[in-house]
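Analysis of the macromolecular model
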Amino acid sequence: MQYKTEKKAAPGRGEVEVLSATYEEGKPEGEDAGRWRQKLQSREDKLKYLQTAERYWYGKEWFGSEKRKTPA
Amino acid sequence: MAEVVKKSIDQATIEMIAKAKTDECNIVFDRAETTKACPIGAEGSCCSMCAMGPCRVPLPRGKEETPEDKKKRRGVCGATAETIAARNFVRKIAAGTAAHSDHGRRVVSAFLDLAKGKTPGYQIKDEQKLLQLALDMGIKIGDRSNEEIAIELGETLIREFGKQEGELAFLKRAPLKRQELWRKLGVAPRGIDREVVEAMHRTHMGVDQDYQSLLLQGSRTALADGWGGSMIATDLQDIMFGTPSPVASQINLGVLKEDEVNVIIHGHEPQLAEMLAVMSRDPEIVAYAKSKGAKGVNLAGMCCTANEVLMRHGIPIAGNFLQQELSIVTGALEAMVVDVQCIMQSLVSVAQCYHTKIITTDPRAKMEGAMHIEFDDHHAAEGAKAILRVAIDNFPNRKKNVYIPPQKTDLIAGFSHETINYLLGGLFRASYRPLNDNIINGRIRGVAGVVGCSNARVTHDEVQLTMVKELIKNDVLVLQTGCAAMASAKAGLMVPEAASQYAGEGLASVCEAVGIPPVLHMGACIDNSRILIAATAMVKDGGLGDDISDLPVAGAAPEWMSEKAIAIGQYFVASGVFTVFGVTWPTMGSKEVTNYMFKDFEKIYGGMWAFEPDPIKAAQLMIAHIDKKRKALGIDKSRERVLYDMTMRRQLEGA
């Protein structure tokens, strides 16, 4: 993911570069409205997403009720 | 007009039924009046399994059956009414499973061709889903190319159809407790084709003659559909054409355009529809349409193919099952392109009243009097263009009796399991937790899947719509697929604004916070497998029990008509879901079989069947079941929230 930065004035330090907001602004429009899968670009990102978002099946440290009763 | 109103509550449908009458064109609504349903077949009391019959063993009408009467209710071979009802039911499951699974097999075949580079028109659109399935099937990922992974995945999945021993691979996606139950009951399917073949064998004359044993095989066959053929089809289609995400579009006959070449794609398999969606915008095709006096090509969907291209391309839907003939009755349809399942044979005779070309495309489904242009995945673009040219050439042949009803409604579709998970939590914390939390805190009472067909024996769309409105009014989130989804979409229930208008206060507040409609479109009938996965995610997230049968959920097919619906219902029941069907119930000829499915199934599977043609009563049955499950989970009433201090915690630990 590409992080955005912005420059801000800091007391005693002049202008500093700080991490900017990472949320999507406003309402997406056009053909891309609603499409979210392409936000994950690399294979590594996609696999990591599977392990976290779809942790119900692919997470190694899932804490759901099933795993408590049936340790992995 | 009053007589017409009884046939549908959809204004576009009502207008087109009247137009068909004016045009002297015989349609399904007319035939439903002239061809009465056979009362003996309807209750599953007719056995035509051998040439000593057909034997009719109906329940006596207007009086209680005596034990002596019951002894006489047998076929020539001695088969009891119970065996006959169960056999007929299991054969419906086998046919439904075969339909979904043959669709699945065709998808795997196309997927393998794609992976091997034999189908230049297609590509892997969702790498993530490919990786997900590779993880499921234990296929090495590493640095291998997508195509290498896809070939191994396709070859592994195609074996699921012909597997003779073991279990279907996707069963392990189900909650652990459910998997154990299936193994204990002996209903874990071994291979998709094997279960269909065994179901057909066991229902042959003189084989399995114990209704309970027959119905166990029915469950095993149905599970081979839901957790097998259907699930394989859904997942591979996602890899090839993209996992659905929210998309805006429109629905109803008003999406047809007077000044464009109208082409409807009707059926179930999305390969051709995908290519038509792309090619209908091809400059060469658009120019050809203009050369014939049209402004362009307007592609619309019908039935479940419509759901497929809607969810992935936003292609509008012209209507559901009972509107297929009516799209021709507009007089503005140049071609109806069909593949498999739910295609009425009468399309050809209806088309003869107008100028529409009926084009069959699948070697498994030909129609007398229709034009056949066989679709070949290897030359998909050329095939799609050839079909579109036929439609364009037909544009100048439009007759004068053109009328497109103005009705069309906005909808948002594309709520796959993956998208629901994402919408509830976002990219970094995607989760079903907010759904479970809101069920636990009571804002959402439960979740219902309302699926299935439309049926000319009841008022078109009315039964589904009444049920869905009753459910959301009572804070039940509704998930929909197939033609049932289209009924809600036409009535405006599939936009976020519907939450404040139709949903109860609790459900509306959650829908507004997340920005979703109270009725979610999850896809085609094959995509009922997505509902199984969503239910499993709810279980695995925790807090609502250990199995699907613990969840406050219910299912329904209020206007069902096809054997596929029976297969779907049975795999939901065998997965632990209370499922209500409307219209008619095909085992009514045997009280034992019906009671077994309506009562005893709950002890066996945790889910059971019910029949209730009245949509309000059916919705109330579902709500009562949801409330029963809420009570069992201890979430039926709000509890006082107590902030524990350290002393209280020590006391708790010491207890």
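Residues numbered from 1 in each chain as written. Chains lettered and ligands numbered in written order. Predicted model: local features only at pLDDT ≥ 70, side-chain atom pairs only at ≥ 80, totals over all residues.

**Quick word on the overall build of chain A**
Convention followed: A run of H or I in DSSP counts as a helix once it spans at least four residues, and a run of E counts as a strand once it spans at least two, with each numbered from the N terminus. Residues with at least 20 neighbouring C-beta atoms inside 10 Å of their own are called buried, those with 12 or fewer are called exposed, and the rest are partly exposed, where every C-beta is derived from the backbone.
Looking only at helices and strands, chain A features 3 helices and 2 strands. The secondary structure elements of chain A, listed N-terminal to C-terminal, are β-β-α-α-α. A buried classification covers 8% of the 72 residues belonging to chain A.

**What about the overall build of chain B?**
Using the following cut-off: Between the two quantities, the radius of gyration covers C-alpha atoms and the globule rule is 2.2 Å times the number of residues to the power 0.38. Throughout, a residue-residue contact means that the two C-beta atoms, derived from backbone geometry, are no farther apart than 7 Å.
The number of helices and strands found in chain B is 28 helices and 16 strands. A compact globule built from 655 residues should have a C-alpha radius of gyration of about 26 Å, and chain B, at 25 Å, falls within 12% of that. Taken over the C-alpha atoms alone, chain B extends approximately 85 × 70 × 50 Å along its principal axes. With 655 residues in all, chain B has 59% of them scored as buried. Within chain B, residue pairs in contact and separated by at least 24 positions form 74% of the contacts whose partners lie at least 6 positions apart.

**A word on the environment of Ile285(B)**
Residue and element names in this part refer to chain B. Along the chain, the position of Ile285 falls in helix α13 (residues 283-291). You can call Ile285 buried: it has 22 C-beta atoms within 10 Å. Between the alpha carbons of Ile285 and Asn455 there is a distance of 37 Å; along the sequence they are 170 residues apart.

**A word on the nonpolar core**
Residues and elements named next belong to chain B. We apply this condition: The term nonpolar core means buried Ala, Val, Leu, Ile, Met, Phe, Trp, Tyr and Cys residues held together as one set by C-beta atoms within 7 Å.
With 225 residues, the main nonpolar core has Val263, Leu276, Val337, Leu388, Ala448, Val478 and Met622 as its most contacted residues. Broken down by element, this core gets its largest block of residues, 16 residues, from helix α6 (residues 81-115). In this structure Leu276 touches Ile265, Leu299, Val337, Ala384, Ile387 and Leu388, once residues within four positions along its chain are discounted.

**Remarks on helix α21 (residues 482-490) of chain B**
Residues and elements named next belong to chain B. Within α21, 9 of the 9 residues are buried, which leaves the element mostly enclosed by the surrounding structure. Inspection of α21 places Gly482, Cys483, Ala484, Ala485, Met486, Ala487, Ser488, Ala489 and Lys490 among the buried residues, and these make up the whole buried set. Among the residues trailing α21, Gly492 stands out with phi positive, at a value near 80 degrees.

**Some words on helix α23 (residues 505-514) of chain B**
Residue and element names in this part refer to chain B. Put simply, the rule is: To be clear, the arc concerns the directions from the helix axis to the C-beta atoms.
Listing the buried residues of α23 in full gives Leu507, Val510 and Cys511. One side of α23 holds all its buried residues, which, seen down the axis, span an arc of 100 degrees. When the buried face of α23 is taken as reference, the exposed residues oriented beyond 90 degrees from it are Glu505 and Ala513. Each element contacted by the buried residues of α23 is listed here: α19 (433-440), α20 (462-473), β12 (476-480) and α22 (498-502). Within two residues after α23, Gly515 carries a phi angle of roughly 85 degrees, on the positive side.

**As for the interface of chain A and chain B**
Often the size quoted for an interface is simply the accessible area lost on bringing the parts together. The line we're drawing: Put simply, Ala, Val, Leu, Ile, Met, Phe, Trp, Tyr, Cys and Pro go in the nonpolar bin, Asp, Glu, Lys and Arg in the charged bin, and everything else, Gly too, in the polar bin.
Tallying the contact residues gives 20 residues for chain A and 23 residues for chain B. Contributing elements (two or more residues each) for the side of chain A that touches chain B: α1 (43-52), α2 (55-58) and α3 (65-69) of chain A. If one sorts the elements of the side of chain A that touches chain B by residue count, α1(A) sits on top with 5 residues. Counted by class, the side of chain A that touches chain B contains 9 nonpolar, 4 polar and 7 charged residues.

**As for the pairing of strand β10 (residues 409-413) of chain B**
All names here are of chain B. Definition in use: When DSSP locates at least two bridges between a pair of strands, those strands are taken to pair.
The buried fraction of β10 is high, at 4 of 5 residues. With 5 bridges joining them, strand β3 (residues 247-251) and β10 adopt antiparallel strand pairing. Within β10, the residue paired with Ile251 across the bridge is Thr409.

**Description of the packing of α6(B) against helix α8 (residues 146-162) of chain B**
Residues and elements named next belong to chain B. For clarity, the cut-off: Here the axes come from fitting lines to C-alpha atoms, over the contacting stretch only for helices, and the angles between their N-to-C directions go from 0 to 180 degrees. An angle below 35 degrees is read as roughly parallel, one above 145 as roughly antiparallel, one from 65 to 115 as roughly perpendicular, and any other as oblique. A crossing counts as left-handed when the near helix is turned anticlockwise from the far one by less than a right angle, and as right-handed when that turn is clockwise.
At a minimum axis separation of 9 Å, α6 and α8 run at an interaxial angle of 155 degrees. Viewed along their axes, α6 and α8 adopt a mutual orientation that is roughly antiparallel. Between α6 and α8 lies a crossing of left-handed hand. Counting all contacts with α6, which are made through Ser101, Arg105, Val108, Phe111, Leu112 and Ala115, the residues of α8 involved are Glu147, Ala150, Ile151, Gly154, Glu155, Leu157, Ile158 and Phe161.

**Some points on the packing of α20(B) against α21(B)**
Residue and element names in this part refer to chain B. Put simply, α20 and α21 touch, their axes get as near as 9 Å, and they point 70 degrees apart. For the element pair α20 / α21, the angle class is roughly perpendicular. Only Ala484, Ala487 and Ser488 of α21 make contact with α20, whose side of the interface consists of Gln464, Leu465 and Val468. Here the contact of α20 with α21 is composed, by residue class, of 4 nonpolar, 2 polar and no charged.

**Side note on the domain arrangement of chain B**
Residue and element names in this part refer to chain B. Condition: Start and end points for every domain follow an automatic or database-based domain assignment.
Domain annotation for chain B reports domain 1 (2-63), domain 2 (81-241), domain 3 (247-397) and domain 4 (414-633). With 6 residues of domain 1 at the contact, the number on the domain 2 side is 8 residues. Looking at side-chain class alone, the side of domain 1 that touches domain 2 contains 4 nonpolar, 2 polar and no charged residues.

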